[in-house]
Amino acid sequence: MDVKKLLSRMTLDEKIGQLVQFGPSIYKNFEEIRWDTLRNGEIGSFIRVRDPKMGNKLQKCAVEESRLGIPLVFADDIIHGYYTNFPVPAAEACSWEPELAERTAALAAKEARASGIQWTYAPMVDLARDARWGRNSEGAGEDPYLLSCFAKARVKGFQGDDISAPDKVAACAKHFVGYSACIGGRDYNSVEMSEQTLYDMFLPPFFAAIDAGVATVMSAFHDFNGVPCAGNKWLMTDVLRNEMKFDGVLISDAGAVGQLQTHGYTEDEKDTAKKAMDAGTDIEMASFTYTHHLKELVNAGDISIERLDEAVLRVLELKNRLGLFENPYADTDMANSIGATEESLALARECARKSIVLLKNKNNILPINKKSKIAVIGALAGNEDDMNDVWSGKTKNAVTIYAALKADNYKVRYAKGYDLKTDEVFVEEALKAARECEIILFVAGEGINYQGYMSGEARNRSDIKIPKIQQELLTELKKTGKPIIAYIFSGRPLALRNVDEAVDAMLWSGGLGTETGNAVMDILSGDYNPSAKLVWTFPTSSGQSPYFYNHNNTGKPPIREIWYSSKYIDAPIGAQYPFGYGLSYTSFKYDNLRISGAKFTVDDVLEASVDITNTGEVFGEETAELYVRDVVGSRVRPVRELKGFKKTGLYPGETKTVTIDVPVKNLGFHNADMEYVVEPGKFLLYIGPDSESGLKTEFFVK
Ligand code: BGC
């Protein structure tokens, strides 16, 4: 399709229509849709039409009944699967296997596209540093390098090489930008950020997504240093378009254009439309300032026709790239045939078990002996919805922990223990089950049945411990003297000090999706040896948030005995579990760290190697993490920054050399003049199992 030619035939109303996206917040049911609007070409896209028959009906109206027959594009939030639910993105990232995320994104794309969805609002590439923020689970943690690796992989998985393919969708990197740095961890709140932090920490994952060819970007809700993102010309035009060279569609978040007025940034609807358009927003999602005022603004010369055409052309190009002019309709037979397959379930199980982090394993109590009688205690062990967590796909069913153990003939006694909805604890019933068994599997954490979700959009928490009723129950269970294994689910880092103190072993993950129970069973039984590692720092208490490993040293680093040092008087120094931490049923020894030279130039690629030995008794996989510290900088540098990682499998007694390449040009930062520089001088290099340990050496940059 020659989209430029098409553009030249469009009326002003039709052009504006391409920039309007309808969402379910606008209509309660499809009967409320004004079909005449669609017929007039005044709607360009829809979000969350999950019934392909309905989608085809809408599409037919656009394609066959409107003057120019421009197809609609259907968008949706395919965050961790469409039919098959995979682990939530941050849980999946704990695999430290971006290729795995590429595979799950590809499968989600296949299921979604077959169902008539051509555009996903994923991946979320917001750097998550504050445990209180509700949307931690949608990203890939607190580190810009790791997040960039996952951003790239997810874009590749969703889009492949050609988004017109019947199993690919257009991806969307969101939320541009700094959304997760909301003050107090409170969603939608203001963000105050230095340009250096923006460029060094928050932009790299967006650069990675753009580098991978992401078709669209979504701007965020909040005000960034006082200017709301959906009307922020500096961010969207100067930075994203001109500097980062993003040339795809830029869409606002839902209702965010309309909210410019609520922020107090615009006078009225007309001023809102003008500022959003001027700033660079192409599509307005789920508010109507463009519909109501763009025509008037263009006619008055307040918005140039060039700016309008540029935005419309981008939308037409997206539709063209998606092949919608040739294939606008969903194949309903194919859509109906989408379901769980051997392949999708195998991938969901593989991904889920690689996402489970072993946090504690006193006296190697795990894996458990299949003959042991297990008391499975906790409502979260038996509720399918909780396993799927936020943004689950079309299907809600999942294998629960209890169901999986029972199906595999474990000797289990189940007790609900607590009800997050009513805030009740059922101590007697739980104790009875516990007394009849040899081991307690205590399943707790954040559920979705507690005044709605406990994590996700707008689900911020000021207290990031497990719910009080669960803690109460745990205290009672502890009194039985039976060994306790805790399995904790959450969509954010939690403060798990009290749990850690009460239990013998602890596993943690985010919601794992369709195959949750089977994957947990693989871990409990030892059929799969845990290999996941945390992608956030887990603090010891809520008040430590935001807490991230790549912080500066300060002039008074924390030392307990030193009064005037940077610490809390009522919390331990350091994290409960550091970024990158995760245990295995075996143990690994790191030896012989060496690098390919002592002095490097910016153009060099440094090669660092270490020998890793499996010193335990079972096969295991270990992710070696490489960190760098620039010792002296014209702006002080973080105590450590992740610059590479590699996962490797080792049999008992086996030693392997792991080599990680680090381009020296990646070791820079933005100086006071906002120039990206790799400054000469001494650097420390660490390779180890997490962000607080490892072997250390040094090198120099000339
Ligand atoms: C969220 C976005 C999402 C959009 C559409 C918004 O509330 O912030 O992440 O893509 O809704 O569902």
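Residues numbered from 1 in each chain as written. Predicted model: local features only at pLDDT ≥ 70, side-chain atom pairs only at ≥ 80, totals over all residues. Heavy atoms only, no water.

Q: Account for the packing of aromatic side chains, naming residues and giving values.
A: Inspection of the entire model under this criterion finds 24 aromatic pairs. With a centroid separation of 5.6 Å and 20° between ring planes, the pair formed by tyrosine 577 and tyrosine 581 is classed as stacked. Of the residues examined, tyrosine 581 reaches a relative accessible area of 17% and is grouped as buried. Relative to phenylalanine 699, the ring of phenylalanine 600 has its centre 5.8 Å away and its plane inclined at 85°; by these criteria the two rings are edge-to-face. On the criterion of sequence distance, the pair formed by phenylalanine 600 in strand β20 (residues 599–600) and phenylalanine 699 in strand β28 (residues 695–701) is long-range, its members being 99 residues apart. For the residue pair phenylalanine 600 and phenylalanine 699, the accessibility class agrees, reading buried in each case. Among the aromatic residues, those joined into a cluster by ring pairs are Trp96, Tyr145, Tyr549, Phe579, Tyr627 and Phe645. (Phe/Tyr/Trp six-rings, centres within 6.5 Å; stacked < 30°, edge-to-face > 60°. Buried < 20%, exposed > 50% of the residue type's maximum accessible area, 1.4 Å probe, protein only. Helix = DSSP H or I, 4+ residues; strand = E, 2+ residues; numbered from the N terminus.)

Q: Break down the sheet that holds β28 for me, citing the residues and quoting the values.
A: Taken in spatial order, the five strands of this open sheet run β20-β28-β27-β22-β23, and their pairing is mixed. On the outer flanks of this sheet lie β20 and β23 (641–650), each paired with one strand and no other. Strand direction decides the pairing type here: β20 and β28, joined by two bridges, are parallel. Bridging across to β28, phenylalanine 600 finds its partner in valine 701. (Pairing = 2+ DSSP bridges.)

Q: Provide a residue-level description of the packing of helix α6 (residues 98–114) against helix α7 (residues 144–159), including the pertinent values.
A: Two numbers describe how α6 lies on α7: the axes approach to 7 Å, and their chain directions differ by 30°. On the basis of the axis angle, α6 is roughly parallel to α7. Crossing of α6 against α7: the hand is right-handed. For the pair formed by α6 and α7, the contact residues are Pro98, Ala101, Glu102, Ala105, Ala106, Ala108 and Ala109 on the first element and Cys149, Phe150, Ala153, Arg154, Lys156, Gly157 and Phe158 on the second. Of the residues belonging to the contact of α6 with α7, the class tally is 10 nonpolar, one polar and three charged. (Axes fitted to C-alpha atoms, helices over the stretch in contact; angles between N-to-C directions. Parallel < 35°, antiparallel > 145°, perpendicular 65-115°, else oblique. Left-handed = near helix turned anticlockwise from the far one by under 90°. Contact = heavy atoms within 4.5 Å. Nonpolar A, V, L, I, M, F, W, Y, C, P; charged D, E, K, R; others polar.)

Q: How would you explain the site of the ligand if you had to name every residue and give the values?
A: Taken together, 14 residues lie around the ligand, and Arg48, Asp77, Arg135, His175 and Asp253 are the ones closest in. The side chain of lysine 174 places a nitrogen or oxygen atom 2.8 Å from an oxygen atom of the ligand. Within the contact set of the ligand, an oxygen atom lies 2.7 Å away from a side-chain nitrogen or oxygen of histidine 175. By residue class, the composition of the shell around the ligand is seven nonpolar, one polar and six charged. (Near = heavy atom within 4 Å. Polar contact = N/O pair within 3.5 Å; in protein donor to acceptor, adjacent residues only side chain to side chain.)

Q: Provide a residue-level description of the domain arrangement of the protein, including the pertinent values.
A: Per the domain assignment, the segments of the protein are domain 1 (3–335), domain 2 (348–544) and domain 3 (588–701). Computed from C-alpha atoms alone, the centre-to-centre distance between domain 1 and domain 2 is 35 Å. Of the residues lining the interface, 44 residues belong to domain 1; the matching set on domain 2 comes to 38 residues. For the domain 1 and domain 2 pair, buried surface summed over both sides reaches about 3300 Å², with 55% attributable to carbon and sulfur atoms. On the domain 1 side of the interface with domain 2, the three residues burying the most area are Asn85, Cys94 and Arg132, jointly 19% of the side's total. For the interface between domain 1 and domain 2, the tally reads three salt bridges. With its nearest N and O atoms 2.8 Å apart, the salt bridge here joins glutamate 350 to arginine 103. Connecting domain 1 to domain 2 are 28 residue pairs in polar contact (both at pLDDT 80 or more). Elements represented by at least two residues in the side of domain 1 that touches domain 2 include exactly α5 (89–93) and α6. Examining the composition of the side of domain 1 that touches domain 2, we find that four residues originate from one element, α5, more than from any other. Among the residues making up the side of domain 1 that touches domain 2, the classes are represented as 21 nonpolar, 11 polar and 12 charged. (Domains from an automatic or database assignment. Buried area = accessible area lost by both parts, 1.4 Å probe. Salt bridge = Lys/Arg side-chain N within 4 Å of Asp/Glu carboxyl O.)

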